Amino acid sequence: MAATGEPRYVYANAGRALNEGFAENRSDSAKYSLVSFVPLFLLENLTRFANAFFLVVGLMQMLPAITVTGGYPSQLAPLAFVLLFDAVITVVEDASRHGDDFRANNRQVLVARPRPDPTAAAPLGPSRRGAA
């Protein structure tokens, strides 16, 4: 809708039927889920040149024809340490994002509701948050 230049109309108190097709008002800034963490994390980190270099060198150290380490991949230990350290930091950051999203999505808000009689005066008094 926005891509075509057409205005977006959202109708208040008209029910869900008129507002079908619009995205819900929910924040989701977390990067990973439980299922996607390992594949996305490895893809993101192994596309970095230094990490990819250490992975390739470690794999080549296991080839009997070219190894100088007796088949022991000595470069994989430092790579595993760096990836493990980065994974712990990434999990902590993403857990913080999930918590922030949960708090933002469950925050009480003021809801605009029509008065039963538009000509009647609204009662004065303190407003109530989240009143239905």
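Please refer to the structure placed before this passage.
Quick look at the structure, then. Predicted model, so just to flag it, every value in this text is computed and none were measured. (Residues numbered from 1 in each chain as written. Predicted model: local features only at pLDDT ≥ 70, side-chain atom pairs only at ≥ 80, totals over all residues. Heavy atoms only, no water.)

**Overview of the overall build of the protein chain**
Now for step 1: Scanning the protein chain from terminus to terminus reveals three helices and zero strands.
Now for step 2: Its helices and strands taken in sequence order, the protein chain reads α-α-α from the N to the C terminus.
Now for step 3: Out of the 132 residues in the protein chain, the part that is buried amounts to 14%.
Now for step 4: When contacts within the protein chain are restricted to residue pairs at least 6 apart in sequence, long-range pairs at least 24 apart make up 44% of them.
Now for step 5: As displayed, the protein chain has an accessible area near 10900 Å², and 64% of this comes from carbon and sulfur atoms. (Helix = DSSP H or I, 4+ residues; strand = E, 2+ residues; numbered from the N terminus. Buried < 20%, exposed > 50% of the residue type's maximum accessible area, 1.4 Å probe, protein only. Contact = heavy atoms within 4.5 Å. Areas by Shrake-Rupley, 256 points an atom, 1.4 Å probe, with all protein chains shown as cover.)

**Quick look at the nonpolar core**
Now for step 1: Counting six residues, the largest nonpolar core is built from Tyr 32, Phe 37, Phe 41, Leu 79, Leu 83 and Ala 87.
Now for step 2: Those elements that provide at least two residues to this core are helix H1 (37-46) and helix H3 (76-105).
Now for step 3: Considering every element that reaches this core, the biggest residue donor is H3, with three residues.
Now for step 4: For Ala 87, the residues in contact, after removing those within four places along its chain, are Phe 37 and Phe 41. (Core = buried A, V, L, I, M, F, W, Y, C linked by side-chain atoms within 4.5 Å.)

**Brief notes about the pattern of salt bridges**
Now for step 1: Inspection of every chain in the model, using the stated rule, returns five salt bridges.
Now for step 2: Two residues, Asp 86 and Arg 48, come together in a salt bridge whose shortest N-O distance is 3.5 Å. Here Asp 86, found in helix H3, pairs with Arg 48, found in the loop between H1 and helix H2 (49-60); they are 38 residues apart in sequence, far enough to count as distant.
Now for step 3: Note on Arg 48: relative accessible area 40%, which makes it partly exposed.
Now for step 4: A salt bridge links Asp 100 to Arg 103; its shortest N-O distance comes to 2.6 Å. In this pair, Asp 100 and Arg 103 both sit in helix H3, three residues apart, roughly one turn of the helix.
Now for step 5: Linked through salt bridges whose partners overlap, the residues forming this network are Lys 31, Glu 44, Arg 48 and Asp 86. (Salt bridge = Lys/Arg side-chain N within 4 Å of Asp/Glu carboxyl O.)

**So, the side chain of Gln 61**
Now for step 1: Of note, Gln 61 is situated in the loop between H2 and H3.
Now for step 2: On the accessibility criterion, Gln 61 (12% relative accessible area) is buried.
Now for step 3: In terms of polar contacts, Gln 61 uses its side chain to reach the backbone amide nitrogen of Gln 75, at 3.2 Å.
Now for step 4: Residues within four places of Gln 61 in sequence aside, it is in contact with Thr 67, Thr 69, Gly 71, Tyr 72, Pro 73, Ser 74 and Gln 75. (Polar contact = N/O pair within 3.5 Å; in protein donor to acceptor, adjacent residues only side chain to side chain.)

Geometric values such as these leave the question of function open.
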